[in-house]
Each structure stands twice: as structure tokens, then as C-alpha cells.
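Below, each chain spelled out in residue letters.
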Amino acid sequence: MKKFLALALSCSLALTALAGCGGGSASTPAPEGTTPAGETTGGENTVYIGVFEPATGDSGAGGKQEMLGMQYANSETPTVDIGGTTYNVELVYADNGSDSAKAPTAAAELVGKGVSLVLGSYGSGVSIAAGPIFGEAGLAAIGVTCTNPQVTAGNDYYFRICFLDPFQGTVLANFATEKFSAQKAYLLGELGNDYDQGLMNYFEQAFTAA
């Protein structure tokens, strides 16, 4: 089981340099090699890892980056030994559509398919929306680039490997004040982009306090 969890974590760690929490505008299909949530191709000795990512919508391009990282990790480690038995590892994909309204349905598809754990998502909003579904099912989910604190707040089953927005905002504010002795800062972000607005908010708090 430790090796299995290590595999899942390696899938996530392969992605940390690839993407941010939001943004992107291209719509892309799921990469080859992923399995739709309604299908499986393995046999009895197969472990399924859910891939909860946007393949369509505003964050489709970012979702594709994360999925490619997961595919790469899976290709490097296609099997895992659990209790003396070798299992194939198969990715089961569910498109959350970059939409908080669609995210619970995509999450429920993965729960219904019986995946052992979930990776994703690119975009904090969809991760927050899916959190209760994973939590109620007792299914562990590991966020790769979803930096909003609300993703894991109050949910014992949602984890992450990326820094939080409050940490990033504070680091940026400290850099501005300590490196450049800045007394004034202008914040520019995309309206409607949760990542931009969240990071700006935490930067402003830290910068003002400094």
C-alpha cells in the first residue's frame, strides 16, 4: 500500500512545475491513454486512480498539462505490488468541464467507478465543489495545483502538494518590501479568475501589514 500511495504521489509531484491554479482558454480532449469514468480496461488485478481534471472549458489547457504529467508517471510505473500481488495501475478519467456546477457529477462518476484515490484538479473552484462528494465517500483526493485554502478546509479526505495562496501572497509581499523597499503596489488580475483574485487578496493583506 505504501508503494501504491508513493505512485500516486509521484503522479502528482510530476506536475508541480507545469501549471497554476486557474487560467487557460483552450478546450482540449482527454489525452490518449486515459480511461473515461464509465469504462475500465484492466482485469481483476488492477488498481484504478481517478483523474479529476478539466478536458474542456476555460481550464482545459491546464487540465491537459496535469493529465500528461499523470500519464507520464503511469508509464514510468505501470504496476504496483500490494500484499505480495502485482497490480496494473490504470487511470480513469472524468472531465469536470472547468465548471463548479459540473464538478460534483464528475466526482460522483469516479466514486461510482470505485477508484482507489483521485488526483486533481486544475482549478480550485471545481476542487472545492467536488470536495464534499469525495469526503462523503471516504475517498482520498490529492490536489496538484489547487491553491485555495478552502479546497482542504474541513475535509479530512482532500490533500494537496502545492503551496497555499496565503503563503504565495506573503512571499511576494515580502519580496516587494524587502528586495525593493516598495511602499506602493498595483494589483492586476483577471476578473472572474479565482486564482488571480485570491492571490491578489492575500498579497494585499501581507503587503499592507508590512
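Notes on the structure in this doc start here. (Residues numbered from 1 in each chain as written. Predicted model: local features only at pLDDT ≥ 70, side-chain atom pairs only at ≥ 80, totals over all residues. Heavy atoms only, no water.)

Considering the packing of aromatic side chains
Applying the stated rule across the entire model yields 5 aromatic pairs. Measuring from centroid to centroid gives 4.5 Å for F163 and F167, while their planes differ by 25°, and the two rings are stacked. Chaining the aromatic ring pairs together yields one cluster made of F52, F134 and Y158. (Phe/Tyr/Trp six-rings, centres within 6.5 Å; stacked < 30°, edge-to-face > 60°.)

Comments concerning the packing of helix α5 (residues 165-180) against helix α6 (residues 194-209)
Running from N to C, α5 and α6 cross one another at 50°; their axes reach a closest spacing of 8 Å. As judged from the angle between their axes, α5 and α6 are oblique. For the element pair α5 and α6, the recorded crossing hand is right-handed. On α6, the residues touching D165, P166, Q168, G169, T170, L172, A173, A176 and T177 of α5 are Y195, L199, Y202, F203, A206 and F207. Class assignment of the residues belonging to the contact of α5 with α6 gives a composition of 10 nonpolar, 4 polar and 1 charged. (Axes fitted to C-alpha atoms, helices over the stretch in contact; angles between N-to-C directions. Helix = DSSP H or I, 4+ residues; strand = E, 2+ residues; numbered from the N terminus. Parallel < 35°, antiparallel > 145°, perpendicular 65-115°, else oblique. Left-handed = near helix turned anticlockwise from the far one by under 90°. Contact = heavy atoms within 4.5 Å. Nonpolar A, V, L, I, M, F, W, Y, C, P; charged D, E, K, R; others polar.)

Some points on the nonpolar core
Counting residues in hydrophobic clusters, the biggest one holds 18 residues, and the most contacted among them are F52, L110, V115, V118, F134 and Y158. Listed by contribution, the elements that provide at least two residues to this core are β2 (46-53), β4 (85-95), α3 (103-113) and α4 (124-137). Looking at this core element by element, the count peaks at 4 residues for α3. One finds V47, M70, V80 and I142 within the second-largest nonpolar core, a separate group that totals 15 residues. (Core = buried A, V, L, I, M, F, W, Y, C linked by side-chain atoms within 4.5 Å. Buried < 20%, exposed > 50% of the residue type's maximum accessible area, 1.4 Å probe, protein only.)

Quick word on α5
Under the 1.5 Å per step criterion, the end-to-end length of α5 is 22 Å for 16 residues, consistent within 8% with the ideal 22 Å. Residues D165, G169, A173, A176 and T177 constitute the buried set of α5. For α5, the arc enclosing every buried residue in end-on projection is 85°, short of the 170-degree limit, so these residues lie on one face. More than 90 degrees from the buried face of α5, the exposed residues found are E178 and K179. (Expected span 1.5 Å × (residues − 1). Arc of directions from axis to C-beta.)

A short note on the packing of α3 against α4
Interaxial distance between α3 and α4 falls to 8 Å at its minimum, and their mutual angle equals 35°. As for the relative orientation of α3 and α4, their crossing is right-handed in sense. Side by side, α3 and α4 meet where A103, P104, A107, A108 and V111 of the first sit next to V126, A129, A130, I133, F134 and A137 of the second. Residue composition of the contact of α3 with α4, by class: 11 nonpolar, no polar and no charged.

Section: the side chain of T177
Inspection of the secondary structure puts T177 in helix α5. From its side chain, T177 meets the backbone oxygen of N174 in a polar contact 3.2 Å long. Apart from the residues within four sequence positions on either side, T177 is in contact with A182, F207 and A210. (Polar contact = N/O pair within 3.5 Å; in protein donor to acceptor, adjacent residues only side chain to side chain.)

Focus: the pairing of β4
As defined by bridge partners, β2 adjoins β4 across 8 bridges and the pair is classed as parallel. Paired with E53 across the strands is D95, a residue of β4. Of the pairings in the sheet, the one linking strand β3 (residues 79-82) to β4 comprises 4 bridges and is antiparallel in character. For D81, the partnering residue across the bridge sits in β4 and is T86. Where β3 folds back on β4, the antiparallel hairpin that results is connected by 2 residues, among which G83 adopts a positive phi of roughly 60°. (Pairing = 2+ DSSP bridges.)

Topic: helix α2 (residues 60-76)
Helix length check: α2, at 17 residues, gives a terminal C-alpha distance of 24 Å against a target of 24 Å (1.5 Å per residue), a fit within 8%. All buried positions along α2 are accounted for by G60, G62, G63, E66, M67, G69, M70, Q71, A73 and N74.

Some details on the environment of I133
Relative to the helices and strands, I133 is located in helix α4. Assessed through its relative accessible area of 24%, I133 is described here as partly exposed. Considering only alpha carbons, one finds I133 and P104, 29 residues apart in sequence, at a separation of 6.5 Å. Apart from residues no more than four positions distant in its own chain, I133 is found in contact with P104, A107, A108 and V111.

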